[in-house]
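Chain and residue survey
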Amino acid sequence: MNIILLGPPGAGKGTQAKKLVDERNMIQLSTGDMLREARTSGTEMGNKVAAIMDAGELVTDEIVIGLIAEKLEGDNAGGFIFDGFPRTLGQADALGKLLAEKGASLDHVIEMQVDDETLVQRVVNRAKEAAEAGQPVRADDNAESMRTRLMEYYKKTSPLIGYYYAKGDLKSIDGLASIDEVAGSIKAILG
Ligand code: B4P
């Protein structure tokens, strides 16, 4: 089973993907995590990615599609959870082609709906909790970067809702509920 978790920044895509990995034989492909790893590499690409992410903008399709293509090369019978990918129509088209080359397809696209005020509150809280615990704080987890992240989402990512709806793949859920309740809604879709 291959699924996409779609939603604005802070909607809980990463949180739910990790729960699914714990419960099912699926692999989480988080482009956010891959890019955070790339930025620590000290390479030219890593430095470029760091500046884009900190500003809250989207990294280029070319870089992100390249990262995903590499991960899809191996076989995985349990399926993939695409977490934070695709984020543009170009990425969505590329994913369709990459899966088709493997003889695979998408089973579900789950859109997590959360209002902007809650999204900002969540990432600001995450930054506060990390700082209090003496852990690293994500440079894009602040109200200013969130304004850009949300603008990027509405401009470039939200068109994917219509794209997948037209294909009949889209299921929308309330992402405002508790983490366990959201997990229950996802379970109801996946069976
Ligand atoms: P991501 O790492 O994908 O991060 P995100 O969208 O902010 O987070 P997510 O929705 O996963 O929220 P989370 O579970 O963490 O992207 C970061 C950046 O990477 C992007 O801005 C972009 O620059 C770049 N990037 C990534 N993918 C890209 C792509 N495909 N193309 C181009 N650029 C790309 O949850 C957030 C917080 O909410 C957590 O603290 C969590 O505990 C809390 N939370 C979650 N669910 C909750 C719930 N139900 N109730 C209460 N709190 C909840």
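Quantities reported herein were computed from a predicted structural model and do not represent experimental measurements.

**Structural notes on the nonpolar core**
In terms of nonpolar packing, the biggest core is built from 28 residues, with Ile4, Leu35, Val59, Ile68, Leu72, Phe82 and Tyr164 touching the most fellow members. Dropping the residues within four chain positions of it, phenylalanine 82 is found in contact with Asn2, Ile3, Ile4, Leu5, Leu29, Ile68, Leu72, Leu95, Leu99 and Leu106.

**Concerning the sheet that holds strand β1 (residues 3–6)**
If you walk across this open sheet you meet the five strands as β2-β3-β1-β4-β5, and the pairing is parallel. One side of each edge strand has no neighbouring strand; the edge strands of this open sheet are β2 (27–30) and β5 (170–174). The sheet shows a mean angle of 20° between the axes of neighbouring strands, direction not considered. Strand direction decides the pairing type here: β1 and strand β4 (residues 108–113), joined by four bridges, are parallel. The residue of β4 that forms the bridge with isoleucine 3 is histidine 108. Contacts from helix α1 (residues 13–23) reach β1, β2, β3 (80–83) and β4 within the one sheet, and its direction differs from that of β3 by about 165°.

**Observations concerning the UniProt feature "binding site: AMP" (unreviewed entry) in the chain**
Within this structure's numbering, the places UniProt gives as "binding site: AMP" (unreviewed entry) are Thr31, Arg36, Glu57, Leu58, Val59, Gly84, Phe85, Pro86, Arg87, Gln91, Arg138 and Arg149. These annotated residues cover 119 residues of sequence, and their C-alpha atoms reach 24.3 Å apart at the extremes, leaving them scattered rather than at a single site. As for its position among the elements, valine 59 is in the loop between α3 (44–55) and α4 (61–71). Discounting chain neighbours no more than four positions away, the residues touching valine 59 are Leu35, Val49, Ile52, Met53, Val64 and Gln91. Position of arginine 149 among the secondary structure elements: in helix α7 (residues 143–157). By relative accessible area, which is 10% here, arginine 149 ends up buried. Discounting chain neighbours no more than four positions away, the residues touching arginine 149 are Pro9, Gly56, Val123, Arg138, Asp140 and Asp141.

Calculation criteria
- Residues numbered from 1 in each chain as written.
- Predicted model: local features only at pLDDT ≥ 70, side-chain atom pairs only at ≥ 80, totals over all residues.
- Heavy atoms only, no water.
- Core = buried A, V, L, I, M, F, W, Y, C linked by side-chain atoms within 4.5 Å.
- Buried < 20%, exposed > 50% of the residue type's maximum accessible area, 1.4 Å probe, protein only.
- Contact = heavy atoms within 4.5 Å.
- Pairing = 2+ DSSP bridges.
- Helix = DSSP H or I, 4+ residues; strand = E, 2+ residues; numbered from the N terminus.
- Axes fitted to C-alpha atoms, helices over the stretch in contact; angles between N-to-C directions.
- UniProt positions renumbered as here; feature names shortened; annotations may be inferred.

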